[in-house]
Structure formats: structure tokens, C-alpha cells
Amino acid sequence: MNSPWIRPLAALWTVTVVALLYMPILSVVLASLANTRYMRFPHRDWTTSAYAEALASPTTYDIHLISLKIAVVVVAIAVVLGTLGAMAYARYDWRGRGLFQRLLVLPIFFPQPVLGLALLLSFTAAGLTPSWQTAVIAHLVWIVPIVTLVISIRLFGYDVTQEEAALDLGASRWQVMREVTLPQLWPGIFSGGLFAFLLSWSNLPLSIYTTGIDNTLPSWLFSRTATNYSPIVPSVAVIGTVVSAVIVVALVLLRLLARRLARP
């Protein structure tokens, strides 16, 4: 169908969807530029004083550092466990594989508040005080299955004859893993790592139950919005969004640079 209305309608639909997706972010930015506790638009006075107050507060740096610490540890562990789990999930055929595949995805379908409460009760019963370390465990319970599935996508289309050829040429199992398997899985590993970082960085339901006094960025934003809202809350949210965007862009650029350097 070559109707002259197709392209304008498609463009209008695209602009509408993008606007609806980014309008909440824009509203947070606008709220951060107010000087009143209550959202009113247009503002009577536009000011960036909330950003100055947020940047001068040690709490801003503390909640970002705790969130970053949790996310980095989660990424490191989730990538290792996810890679090994993906090999068991999609690469090898073994007795119990079907049961393993079903059990692996169960945490994903649990409501996160229920999972967070269950983990909090488990930590309390085990005598563990909620802290950022217990939050790492809680995040891993939910994130490792997701990372495993992301990496498994690469394995489902993986040609195992490459490994067999390397073994026939005298390579050891470790050499095959290092020189053949991992390079083939690297796009999935990188994507899984990005997913793990973003899911951990922005997680509220699990963090609010398991961090204790170690406030993360999402839990701090939630508590301040519910009990003591001021323009500093959206300003910290904007700062957190910028920080996460900078980290993700830096990782993508590093991956592109590493790929370019690896070319012969």
C-alpha cells in the first residue's frame, strides 16, 4: 500500500510514543527547577538551587556510592554465574537440564516485593543484619536468571564444531574456552552485564527490604518523596540518571574501542 498518508502517520506515531516515554523524565527535570515543595507549572521562579544543595550534601554522594558498589559487585558475580549457568542451560545436554531450566526462571516471575520480604525474613532468621551486602545477595537472586537467559541466546545459535575443530588441532579445554567459546559469547556477556548493572542500580523493591541503614539511590528517593519531599529529590534523581547514562555510554565506548583494537 503506497498511500501518501503512511509516512506522515508513521512519523506521528513514532513521535507520540517517544514523547510518552520521555515525558516522565522531562517532568522530573522540570520539578527539579522549582523552588517550592509542591509541583506547580509553570513555575513562578526558575532556579537551580536544588542542584547546588544536592551537590553540597554528603548524602547525595553516599547513596550514589552505595548503589554503585552494589551494582558493580552484582555485575561481577552475575556475569560469572550467568555464563556458567548459560552453558548448563543451553550448551550441554544432561540429566536434569529441563528441571534446571524451569527452576532458573522462577525468581523472575516472583513479585519483587514478595521476594524482598521473603529474603528479609530469611536473613533475619539466619542472624544477618540487612546491609548493602545482603542487598547484593537479594539482587543476585533476581538478576542472575536474567543474565543467564541473555547469554543463553548467544549459545542457542552457537556452532559447536568450532570447539571440536580446535580440540582436533591440539588445543586444550582451557584454550578452547579462552580462544573460541568466550569470544563467541562476549556480546551476550556484555549485554548481560549491562542488564545486571541497570537492574541493580535502579532496583527499589528488593533494596528497600534488604539494605537496612545503607540507603541506595532508589530507596532514598522513595522515602524522601513519601515523607519529606522537596525540589532536592527530583534534582538527585536527575543526577542519578546522568551518572547511570555516563557509565553505560562509557562502557559501550570501551567495548567499541576494544573491538577496534582487536581487529587485525
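Residues numbered from 1 in each chain as written. Predicted model: local features only at pLDDT ≥ 70, side-chain atom pairs only at ≥ 80, totals over all residues. Heavy atoms only, no water.

As a packed pair, helix 7 (residues 161–168) and helix 8 (residues 173–201) sit with axes 10 Å apart at the nearest point and diverge in direction by 150 degrees. Considering their axes alone, helix 7 and helix 8 lie roughly antiparallel with respect to each other. Handedness of the crossing formed by helix 7 with helix 8: right-handed. Contacts between helix 7 and helix 8 involve Gln162, Glu163, Ala166 and Leu167 from the first element and Arg173, Val176, Val180, Thr181 and Gln184 from the second. Per-class residue counts for the contact of helix 7 with helix 8 are four nonpolar, three polar and two charged. (Axes fitted to C-alpha atoms, helices over the stretch in contact; angles between N-to-C directions. Helix = DSSP H or I, 4+ residues; strand = E, 2+ residues; numbered from the N terminus. Parallel < 35°, antiparallel > 145°, perpendicular 65-115°, else oblique. Left-handed = near helix turned anticlockwise from the far one by under 90°. Contact = heavy atoms within 4.5 Å. Nonpolar A, V, L, I, M, F, W, Y, C, P; charged D, E, K, R; others polar.)

Moving on: the layout of surface pockets. Taken as a whole, the largest pocket spans an internal volume of roughly 540 Å³. Lining the largest pocket are 23 residues; nearest its centre among them are Val28, Leu221, Ala237, Val238 and Thr241. Mapped by element, the contributors of at least two residues to the lining of the largest pocket are helix 1 (6–32), helix 8, helix 10 (217–227) and helix 11 (232–262). Looking at which element gives the most residues to the lining of the largest pocket, the answer is helix 11, with eight residues. The class makeup of the residues in the lining of the largest pocket is 17 nonpolar, six polar and no charged. Computed from the structure, the second largest pocket encloses a volume of approximately 190 Å³. For the lining of the second largest pocket, the secondary-structure elements that each account for two or more residues are helix 3 (58–91), helix 8 and helix 11. The biggest single contributor to the lining of the second largest pocket is helix 8, with five residues. (1 Å grid on protein atoms, 1.4 Å probe; cavity = no way out; pocket = protein on both sides within 12 Å on 5 of 7 lines; lining within 4 Å. Points joined across faces, edges and corners; volume = space filled by probe spheres on them.)

The next subject is the nonpolar core. In this structure, Ile70, Ala78, Ile143, Leu155, Leu221 and Val236 are the most contacted members of the largest nonpolar core, which totals 54 residues. For this core, the elements supplying multiple residues, two or more each, are helix 2 (49–56), helix 3, helix 5 (112–125), helix 6 (132–156), helix 8, helix 10 and helix 11. The element that contributes the greatest number of residues to this core is helix 6, accounting for 13 residues. The contact partners of Ala78, leaving out residues within four places of it in the chain, are Thr83, Leu140, Ile143, Val144, Val147 and Ala196. (Core = buried A, V, L, I, M, F, W, Y, C linked by side-chain atoms within 4.5 Å. Buried < 20%, exposed > 50% of the residue type's maximum accessible area, 1.4 Å probe, protein only.)

Moving on to the packing of aromatic side chains. Tallying each qualifying case throughout the model produces two aromatic pairs. Both rings, one in Trp186 and one in Phe190, keep their centres 6.0 Å apart while their planes meet at 55 degrees; by these two values the pair is tilted. Of this pair, Trp186 and Phe190 both sit in helix 8, four residues apart, which is roughly one turn of that helix. Trp186 gets classed as partly exposed once you look at its relative accessible area, which sits at 44%. (Phe/Tyr/Trp six-rings, centres within 6.5 Å; stacked < 30°, edge-to-face > 60°.)

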